[in-house]
Amino acid sequence: MPANILDGKAIAAEIRNEVSAKIASYTVRYGPIRLCAILIGSDRAARIYADSQRKRCLQAGVQHELVELPESTTQARLLAEIDRLNADPNVTGIMLQLPMPASIDPAAAQYRIDPYKDVEGVNPANIGLLFYDVPIIAPCTALAVMEMIRRSGVEIRGAEAVVVGQSRIVGRPISMFLTTQMATVTACHIATRNLHAHTRNADILVVAVGKPHIIGAEHIKQGAVVIDVGINSIRERDANGNIVRKTIGDVDFGAAAKIASAITPVPGGIGPVTVAMLLQNVVEAAYKQLNRRI
Ligand code: NAD
């Protein structure tokens, strides 16, 4: 039987509807929710992402301010800007638009964001609190992956889960969520030998590597739930022989969809759900700031 395709666009629209209602009720009681995104320089991808987030924020009833800084911005100037936004009671959420110029250390800047305003969930305080299962704000992509797994209907407790890719912001938080929810988790990475020997045991296979089609049919167990986080821009020839750009995932979707029970496409899978989770985090940050723990 062909796999159930987990339609990220439709799921994201449902989540945005639920979140918009929460935002409206917060705004009536406590005033506007405001997200500030910092964009340095003129990177095209960062601007496209910022513009689409702005659109989603405004549609959901969240104020959006794009703080634009010149290419020449120093790390010290960026940190000063983050300090200013941290201290401003009218700012609910702060995020950095990546990529930033090579002179900037984005991780050090993310560390500076107040954990209660860190709507992407990338501050070490938030990542660390995941270990205790009490994050203030959890990383958006990991939340999106867990939402997709939930919607696939698979039982997480007791399942064999394999997470390929163990970055601090994506793969490791996903491994931590799955562990907390009582899956038996195998964490694979660049030094893993015989990758397919691990992935073929997976009832739940999450792939977050950033290498096109690193996972093929030979890596997948019959009936597995396959979640593809990878986003890879490739060039290929179209029917007229012209070189065109295309976005594909880390999983060979065509091959995997014949074996899996459920699978996310790329594009249109985890990406849109991650943006919806960002909005959810923004409203969560607003509520949690009313009652801070630290
Ligand atoms: P990263 O480069 O920080 O980490 C990659 C991970 O993959 C590392 O743990 C590395 O050890 C592992 N890896 C590399 N080669 C491997 C191999 N041959 N076999 C097994 N593991 C290998 O990347 P990241 O920031 O975690 O992002 C991963 C992918 O997810 C990228 O394509 C990125 O664009 C995408 N991404 C998507 C979203 C979304 O919302 N959909 C969000 C964040 C990242």
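Rules behind the numbers
Residues numbered from 1 in each chain as written. Predicted model: local features only at pLDDT ≥ 70, side-chain atom pairs only at ≥ 80, totals over all residues. Heavy atoms only, no water. Helix = DSSP H or I, 4+ residues; strand = E, 2+ residues; numbered from the N terminus. Buried < 20%, exposed > 50% of the residue type's maximum accessible area, 1.4 Å probe, protein only. Contact = heavy atoms within 4.5 Å. Areas by Shrake-Rupley, 256 points an atom, 1.4 Å probe, with all protein chains shown as cover. Lys, Arg positive; Asp, Glu negative; His and termini not counted. Charge placed at Lys NZ, Arg CZ, Asp CG, Glu CD. Domains from an automatic or database assignment. Salt bridge = Lys/Arg side-chain N within 4 Å of Asp/Glu carboxyl O. Pairing = 2+ DSSP bridges. Right-handed = clockwise from strand over helix to strand, strands pointing away. Near = heavy atom within 4 Å. Polar contact = N/O pair within 3.5 Å; in protein donor to acceptor, adjacent residues only side chain to side chain. Nonpolar A, V, L, I, M, F, W, Y, C, P; charged D, E, K, R; others polar. 1 Å grid on protein atoms, 1.4 Å probe; cavity = no way out; pocket = protein on both sides within 12 Å on 5 of 7 lines; lining within 4 Å. Points joined across faces, edges and corners; volume = space filled by probe spheres on them. Core = buried A, V, L, I, M, F, W, Y, C linked by side-chain atoms within 4.5 Å.

**Some words on the overall build of the chain**
Within the chain, the secondary structure is distributed over ten helices and eleven strands. Principal axes of the C-alpha set define a box for the chain whose edges measure 50 × 45 × 35 Å. By residue count, 50% of the 294 residues in the chain fall in the buried class. In the chain, once contacts between residues fewer than 6 apart in sequence are set aside, the share between residues at least 24 apart is 68%. Within the structure as shown, the chain displays about 13900 Å² of accessible surface, and the carbon and sulfur contribution to it stands at 54%. On the chain, the mean spot of the 31 positive side-chain charges and the mean spot of the 27 negative ones are 1 Å from each other.

**Description of the domain arrangement of the chain**
Partitioning the chain into structural domains gives domain 1 (30-118) and domain 2 (140-273). Taking the mean C-alpha position of each, domain 1 and domain 2 sit 29 Å from one another.

**Side note on the pattern of salt bridges**
Across all of its chains, the model carries eleven salt bridges by this definition. Note that Arg-34 and Glu-65 form a salt bridge whose closest N and O atoms lie 3.1 Å from each other. Linking Arg-34 in strand S2 (residues 34-40) with Glu-65 in strand S3 (residues 63-69), this pair joins segments that are 31 residues apart in sequence. Residue classification places Arg-34 among the partly exposed residues on the basis of a relative accessible area of 23%. Of the charged contacts, one joins Lys-221 and Asp-203 as a salt bridge, the two residues approaching to 2.8 Å between their closest N and O atoms. Of this pair, Lys-221 sits in the loop between strand S7 (204-207) and strand S8 (225-228) while Asp-203 sits in the loop between helix H8 (195-199) and S7; the two residues are 18 residues apart in sequence, bridging distant segments of the chain. Judged by relative accessible area, Asp-203 falls into the partly exposed class, the value being 24%. Through salt bridges with shared partners, one network takes in Glu-14, Glu-147, Arg-150 and Arg-151.

**Considering the pairing of S3**
By the bridge criterion, seven bridges tie S2 to S3 in an arrangement that is parallel. Within S3, the position partnered with Arg-34 by the bridge is Gln-63. Each parallel crossover has a hand, and for S2 linked through helix H2 (residues 44-60) to S3 it is right-handed.

**Considering the site of the ligand**
Not every one of the 19 residues close to the ligand is listed here, only the nearest: Gln-166, Ser-167, Lys-211, Ile-231 and Thr-274. At 2.5 Å, a side-chain N or O of Ser-167 approaches an oxygen atom of the ligand. At 3.0 Å, a backbone N or O of Ile-231 approaches an oxygen atom of the ligand. Protein chains shield 69% of the accessible area of the ligand, which is 860 Å² for the free molecule. Here the residues of the shell around the ligand are counted per class, giving nine nonpolar, nine polar and one charged.

**A word on the layout of surface pockets**
There is about 1500 Å³ of room inside the largest pocket. Those elements that place two or more of their residues in the lining of the largest pocket are helix H1 (8-30), H2, strand S4 (93-96), helix H6 (140-152) and helix H10 (270-289). Grouping the amino acids of the lining of the largest pocket by side-chain chemistry returns 24 nonpolar, 14 polar and seven charged. Split by domain, the residues of the lining of the largest pocket number at least three in each of domain 1 (30-118) and domain 2 (140-273). Considering only enclosed or pocket space, the second largest pocket measures out at about 180 Å³ in volume. Looking at the second largest pocket, the residues that line it are Tyr-26, Tyr-30, Pro-32, Arg-34, Gln-63, Pro-89, Asn-90, Val-91, Thr-92, Ala-286, Gln-289 and Leu-290. Elements with a contribution of two residues or more to the lining of the second largest pocket: H1 and H10.

**What about the nonpolar core?**
Among soluble globular proteins, nonpolar side chains are generally buried collectively. Ile-149, Leu-178, Val-206 and Ile-227 are the most contacted members of the largest nonpolar core, which has 56 residues in total. Residues from two domains meet in this core; each of domain 1 (30-118) and domain 2 (140-273) gives at least three. The residues contacting Leu-178, other than those within four sequence positions of it, are Met-146, Ile-149, Ile-156, Ala-161, Val-163, Ala-183, Val-185 and Val-206.

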